[in-house]
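The chain contents come next:
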Amino acid sequence: MLEVRDLHVRFGQAHILQGVSLAVGARPVAIVGRNGMGKTTLCQAVMGLVGTSEGSIAFAGQKLDGLAPFRVARRGVALVPQGRRTFPSLSVDEHLRLVATRGAAWTIPRVYETFPRLAERRRNGGTELSGGEQQMLAIARALLMNPKLVIMDEPSEGLAPVIVDHLIDVLRGLPADGMGLLLVEQNLRVATAVAEEISIMVTGRIAATMPARDLAEDQDAQRRYLGVAASGH
Ligand SMILES: Nc1ncnc2c1ncn2[C@@H]1O[C@H](COP(=O)(O)OP(=O)(O)OP(=O)(O)O)[C@@H](O)[C@H]1O
Ligand SMILES: [Mg+2]
């Protein structure tokens, strides 16, 4: 579905993505890595939010790189951006009604059923929501677009542990809706619970790809690639 080949991104002199290749099909794919390694830059490059200098991005066999973000979205790609980016002036319900489509897998009633907290807060404005509630809203907004592929940039950030467990269930259910998932996570527990294979990003490259079970058990690799604090246990 998504095919990224030898992708490079430069910000001025800084060579941030240094040849990333990856493919996302029907099964969720997870990328983990320390701070500043280029994970968000990769998400933004796929979404058309930053320009690329070399390499290619294809989606469903069609070239994606060079398209404006709204055109990427129309092709069926949605992003849950790091830091949520919800609208302070809109209520929960207004956020959802902005993107909802009829007759699709994800509807507003389904969102409220899946995230009861959002139903309780439906009339509240963006600024009245906690960080975790904003994160849920950002996730719900992307799902409501019923994309073919959803890119989530650290969706568990700021969520209480019990909500993280719930998020894992939601993410594991996406293939049943025919939704592909590219998941960027610092929380190894989430990444390994959702994806069968994990790619590790180190300074703008995919340094290794391994079965989730192997990484979950390999404390040496966790220390080397993620730092002890990021092991998620
Ligand atoms: N617009 C920009 N201009 C210049 N440098 C940037 C820009 N955006 C990001 N960078 C740099 O690119 C590198 C990769 O950043 P990026 O946000 O992609 O990392 P990340 O892996 O998502 O980190 P984190 O885990 O903290 O979210 C960092 O060194 C960052 O400072
Ligand atoms: Mg990031």
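Thresholds, definitions, all that
Residues numbered from 1 in each chain as written. Chains lettered and ligands numbered in written order. Predicted model: local features only at pLDDT ≥ 70, side-chain atom pairs only at ≥ 80, totals over all residues. Heavy atoms only, no water. Donors = N, O, S within 2.8 Å, 3.2 Å for Na, K, Ca; no water. Helix = DSSP H or I, 4+ residues; strand = E, 2+ residues; numbered from the N terminus. Buried < 20%, exposed > 50% of the residue type's maximum accessible area, 1.4 Å probe, protein only. Salt bridge = Lys/Arg side-chain N within 4 Å of Asp/Glu carboxyl O. Pairing = 2+ DSSP bridges. Contact = heavy atoms within 4.5 Å. Axes fitted to C-alpha atoms, helices over the stretch in contact; angles between N-to-C directions.

Moving on to the coordination of the magnesium ion (ligand 2). Taken together, the protein donors to the magnesium ion (ligand 2) comprise Thr-40 (OG1) and Gln-82 (OE1), at separations of 1.9 to 2.2 Å. Taken together, the residues span a long stretch of sequence, with Thr-40 in helix H1 (residues 39-47) and Gln-82 in the loop between strand S6 (77-80) and helix H3 (92-99) at a distance of 42 residues. Residue classification places Gln-82 among the partly exposed residues on the basis of a relative accessible area of 32%.

Side chains that carry opposite charge are capable of pairing whenever their charged atoms lie near each other. The final tally for this structure, using the stated rule, is twelve salt bridges. Close ionic contact of Arg-5 with Glu-3 constitutes a salt bridge, the shortest N to O distance being 3.9 Å. Its relative accessible area of 35% is what places Glu-3 among the partly exposed residues. One salt bridge in this structure joins Arg-189 and Asp-165, with 2.8 Å as the shortest N-O distance. Separated by 24 residues along the polypeptide, Arg-189 in helix H8 (residues 188-194) and Asp-165 in helix H7 (residues 161-172) bring together distant segments of the chain. Here Arg-189 falls in the partly exposed class, since its relative accessible area comes to 31%. Residue classification places Asp-165 among the partly exposed residues on the basis of a relative accessible area of 38%. One connected set of salt bridges, linked through shared partners, spans Arg-117, Glu-120, Arg-121 and Glu-133.

Counted residue by residue, H1 has seven buried out of nine residues, so it is predominantly covered. Buried within H1 we find Lys-39, Thr-41, Leu-42, Cys-43, Ala-45, Val-46 and Met-47.

A sheet is described by the order of its strands in space; here four strands give the open sequence S2-S1-S4-S5, paired in antiparallel fashion. Edge positions in the sheet fall to strand S2 (14-24) and strand S5 (62-63), since each of these pairs with one other strand and no more. Pairing geometry for strand S1 (residues 2-11) and S2, over eight bridges, is antiparallel. From the neighbouring strand, Val-9 faces S2, where its bridge partner is Leu-17. Contacts from H1 reach S1, S2 and strand S4 (54-59), with the element oriented near 110° to S1.

Remember that the coordinates give geometry; whether it matters functionally is a separate question.
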